[in-house]
Amino acid sequence: YLVACDGGRSGVRAQLGIGMTGRSFPNPWLVVDIVEKQRGTGLHHLPYFNFICDPVCPTVSCVQPDGHHRFEFMLMPGQTREYMEAPETVREHLARHVDVDKFEILRRLVYTFNALIAERWREGRVFLAGDAAHMTPQFIGQGMNAGVRDAWNLSWKLDAVLGGRADESLLESYQSERLPHVRDMIQTAVRMKDFVSMASPVKAMLRNLIIRTAMRLPVAGPYLRSGNFIPLPFYNEGCYFGLPRSKRRAAPGRLPPQPTVRDTDGQRHLLDELLGDDYALVGLGVDPRDGLAAAELAAWQRLGARFVALYPMGERPQGDVDRASPEGVIEVEDVHCTLVDWFRSRGHGLGSVAVLRPDRFVYGVASAAEMPALTRQLAGALGMSGG
């Protein structure tokens, strides 16, 4: 297989004759990347990603690691590429926000942005990923995240196919799973572009009034500050590799929250640190293997699955001097009941088992008694012999 991650001007995509749908926007922006000459001296007043909704000069201020920062300034009517990229113009724009003498200017470039999606992400044994498959406007900072999600979604499936643990039909779910979320991200980014780049003073005044009012409200304020308007990744009904949802908020095809857990040695971890790179079975207050016969357990072991018994904080079984931690299962306590509450909010009580795919999306949730049927269903979906 070939995975083409060769960017928005993908030569592989062009050779395959795959077109792109969407639109390119005519509004050019000046991108300026800067870095502190001395760490900790010039960016303390800009700790967050900011949209500076100035109708005279719409601006995006983007925090980056290691003393770096990015500013994006929209070109206004009459401003040319040559004028905006001139050192004196760049310095003038930066001086509105930082002490320019404390920074080195790494890059200054005028560009336009695209909201485009490839018509198909697969041609035979060739796949497109990242900007080769879709280009997201920069206004919510999700372009790289989208590419990483593509890579992780596709890589575990390719690994399973190449390792003989899944039929090639599994690869058909790559585009069907990723495309809806990519489309939602692009649409949200375009809306944010329209929101930030209002040049009409009257419209900008009305926008500012609405936002200032919303930011003071107890629900809307935290929602906007935390960026919860950015679409969460989940897979649409009928388009993902997993059990069908029994109701709208059911777990399959969604990412569970990431809890902090405490192990039997008293050490705290993020749960993902204990789950490995393959499937994971997480039982709520139960050993997830309890309902499995030997053949079913062997099927999970062939998939490299890890088994976790998750307890609410302070409720791990104790007092039995003869009780040892069962071999082959990881026992942890959910420090803040993050995942415990998630189970319960989806209607699953003690004894439930969540089956997590290698990319940590939920394949399905079942009781211990239902786990044999779920195991056989998964084996059939993967095309595993035996099962």
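Everything that follows concerns the structure shown earlier in this document.
Since we're looking at a predicted model, the values are computed, not measured.

1. Comments concerning the overall build of the protein chain
Here is step 1: Each helix and strand counted, the protein chain has 11 helices and 18 strands in total.
Here is step 2: C-alpha extents for the protein chain along the principal axes are approximately 75 × 55 × 40 Å.
Here is step 3: Here the protein chain holds 387 residues, and the buried ones make up 45% of them.
Here is step 4: Of the contacts formed within the protein chain by residues at least 6 apart in sequence, a portion of 67% connects residues at least 24 apart.
Here is step 5: Summed over its atoms, the accessible surface of the protein chain is roughly 19200 Å², and 53% of this surface lies on carbon and sulfur atoms.
Here is step 6: Averaging the locations of the 44 positively and 44 negatively charged side chains of the protein chain gives two centres separated by 7 Å.

2. Remarks on the packing of aromatic side chains
Here is step 1: Per the stated rule, a full pass over the model turns up 11 aromatic pairs.
Here is step 2: Ring geometry for Trp156 against Tyr279: centres 6.0 Å apart, planes inclined by 85°, an arrangement best described as edge-to-face. In this pair, Trp156 is assigned in helix 4 (residues 143-162) and Tyr279 in the loop between helix 8 (272-275) and strand 14 (280-284), connecting sequence segments 123 residues apart.
Here is step 3: Look at Trp156 and you get buried, because its relative accessible area is 5%.
Here is step 4: The ring of Tyr1 carries Arg125 above its face, with NZ or CZ at 4.3 Å from the centroid.
Here is step 5: For the cation-ring pair, Arg207 lies above Phe195, with the distance from its terminal atom to the ring centre recorded as 5.7 Å.

3. Some details on helix 4
Here is step 1: Along its 20 residues, helix 4 runs 28 Å from first to last C-alpha, staying within 8% of the 28 Å computed at 1.5 Å per residue.
Here is step 2: Every buried residue belonging to helix 4 is among Ala146, Gly147, Asp150, Asn153, Leu154, Trp156, Lys157, Leu158, Ala160 and Val161, and all of these are buried.
Here is step 3: In this structure, the buried residues of helix 4 make contact with strand 1 (2-4), strand 10 (126-128), strand 11 (134-135) and helix 5 (173-196).
Here is step 4: With its phi angle positive at about 75°, Gly164 sits one or two positions after the end of helix 4.

4. Re the nonpolar core
Here is step 1: In this structure, Tyr279, Leu281, Trp300, Met371 and Leu382 are the most contacted members of the largest nonpolar core, which totals 62 residues.
Here is step 2: The leading source of residues in this core is helix 5, at nine residues.
Here is step 3: Non-local contacts of Leu382, meaning those with residues more than four positions away in its chain, are made with Arg165, Ala166, Asp167, Leu170, Phe241, Tyr279 and Leu303.
Here is step 4: Counting residues in hydrophobic clusters, the runner-up holds 19 residues, among them Ala251, Leu275, Val282 and Val308.

5. Focus on the pairing of strand 14
Here is step 1: Buried residues dominate strand 14, accounting for five of its five residues.
Here is step 2: With five bridges connecting them, strand 14 and strand 15 (residues 306-312) associate as parallel partners. By the bridge assignment for strand 15, Leu284 is matched with Leu310.
Here is step 3: Since strand 14 and strand 15 lie parallel, the crossover through helix 9 (residues 294-302) that links them has a hand, and here it is right-handed.
Here is step 4: Sheet topology places strand 14 next to strand 17 (residues 352-356); four bridges connect them, and they run antiparallel. Bridge pairing in strand 17 links Val282 to Ala354.

6. A few points about the packing of helix 9 against helix 11 (residues 371-382)
Here is step 1: Here helix 9 crosses helix 11 at 50°, and the two axes come no closer than 10 Å. On the basis of their axis angle, the class for helix 9 and helix 11 is oblique. Where helix 9 crosses over helix 11, the handedness of that crossing is left-handed. Listed contacts from helix 11 to Glu296, Ala299 and Trp300 of helix 9 are Met371, Pro372, Leu374, Thr375, Arg376 and Leu378.
Here is step 2: Across the contact of helix 9 with helix 11, the residue classes break down as six nonpolar, one polar and two charged.

7. Examining helix 5
Here is step 1: Taking 1.5 Å per residue as the helical rise, helix 5 with its 24 residues ought to reach 34 Å, and the 35 Å between its terminal C-alpha atoms agrees with that figure.
Here is step 2: The largest bend in helix 5 is about 30°, located at Leu179, with the proline Pro180 one to four residues further on.

8. Here's the deal with a nonpolar patch on the surface
Here is step 1: Together, Leu206, Leu209 and Ile210 make up a nonpolar patch on the protein surface, roughly 310 Å² of accessible area in all.
Here is step 2: One can find Ile210 in helix 6 (residues 201-215).

9. Considerations on the sheet that holds strand 1
Here is step 1: One open sheet accounts for three strands, arranged 1-10-9; its pairing is mixed. Where the open sheet ends on each side, the last strands, each with one partner, are strand 1 and strand 9 (122-123).
Here is step 2: The pairing of strand 1 with strand 10 spans three bridges and is classified as parallel. The residue bridging Ala4 from the neighbouring strand is Leu128, located in strand 10.

10. Overview of the sheet that holds strand 15
Here is step 1: In space, the seven strands of this open sheet follow the order 13-12-16-15-14-17-18, with mixed pairing throughout. The open sheet terminates on both sides in strands that have one partner only, identified here as strand 13 (268-270) and strand 18 (362-367). Neighbouring strand axes in the sheet, compared pairwise and without regard to direction, differ in orientation by 30° on average.
Here is step 2: Its contacts with the sheet put helix 11 on strand 14, strand 17 and strand 18, and the angle it makes with strand 18 is roughly 155°.

11. Considerations on the state of the cysteines
Here is step 1: If you walk through the whole model with that rule in mind, you get zero disulfides.
Here is step 2: Here Cys62 is not cross-linked by a disulfide; its sulfur's nearest cysteine counterpart is in Cys53, at 15 Å.
Here is step 3: Exposure remark for Cys62: the relative accessible area of 18% places this residue in the buried category.

Reading guide: rules and limits
- Residues numbered from 1 in each chain as written.
- Predicted model: local features only at pLDDT ≥ 70, side-chain atom pairs only at ≥ 80, totals over all residues.
- Heavy atoms only, no water.
- Helix = DSSP H or I, 4+ residues; strand = E, 2+ residues; numbered from the N terminus.
- Buried < 20%, exposed > 50% of the residue type's maximum accessible area, 1.4 Å probe, protein only.
- Contact = heavy atoms within 4.5 Å.
- Areas by Shrake-Rupley, 256 points an atom, 1.4 Å probe, with all protein chains shown as cover.
- Lys, Arg positive; Asp, Glu negative; His and termini not counted.
- Charge placed at Lys NZ, Arg CZ, Asp CG, Glu CD.
- Phe/Tyr/Trp six-rings, centres within 6.5 Å; stacked < 30°, edge-to-face > 60°.
- Lys NZ or Arg CZ within 6 Å of the ring centre and 35° of its normal.
- Expected span 1.5 Å × (residues − 1).
- Core = buried A, V, L, I, M, F, W, Y, C linked by side-chain atoms within 4.5 Å.
- Pairing = 2+ DSSP bridges.
- Right-handed = clockwise from strand over helix to strand, strands pointing away.
- Axes fitted to C-alpha atoms, helices over the stretch in contact; angles between N-to-C directions.
- Parallel < 35°, antiparallel > 145°, perpendicular 65-115°, else oblique.
- Left-handed = near helix turned anticlockwise from the far one by under 90°.
- Nonpolar A, V, L, I, M, F, W, Y, C, P; charged D, E, K, R; others polar.
- Bend = angle between axes of the 7 residues up to and from the residue.
- Patch = residues over 30% accessible without salt bridge, like charges linked within 9 Å, V, L, I, M, F, W, Y side chains within 5 Å.
- Salt bridge = Lys/Arg side-chain N within 4 Å of Asp/Glu carboxyl O.
- Disulfide = S-S within 2.5 Å.

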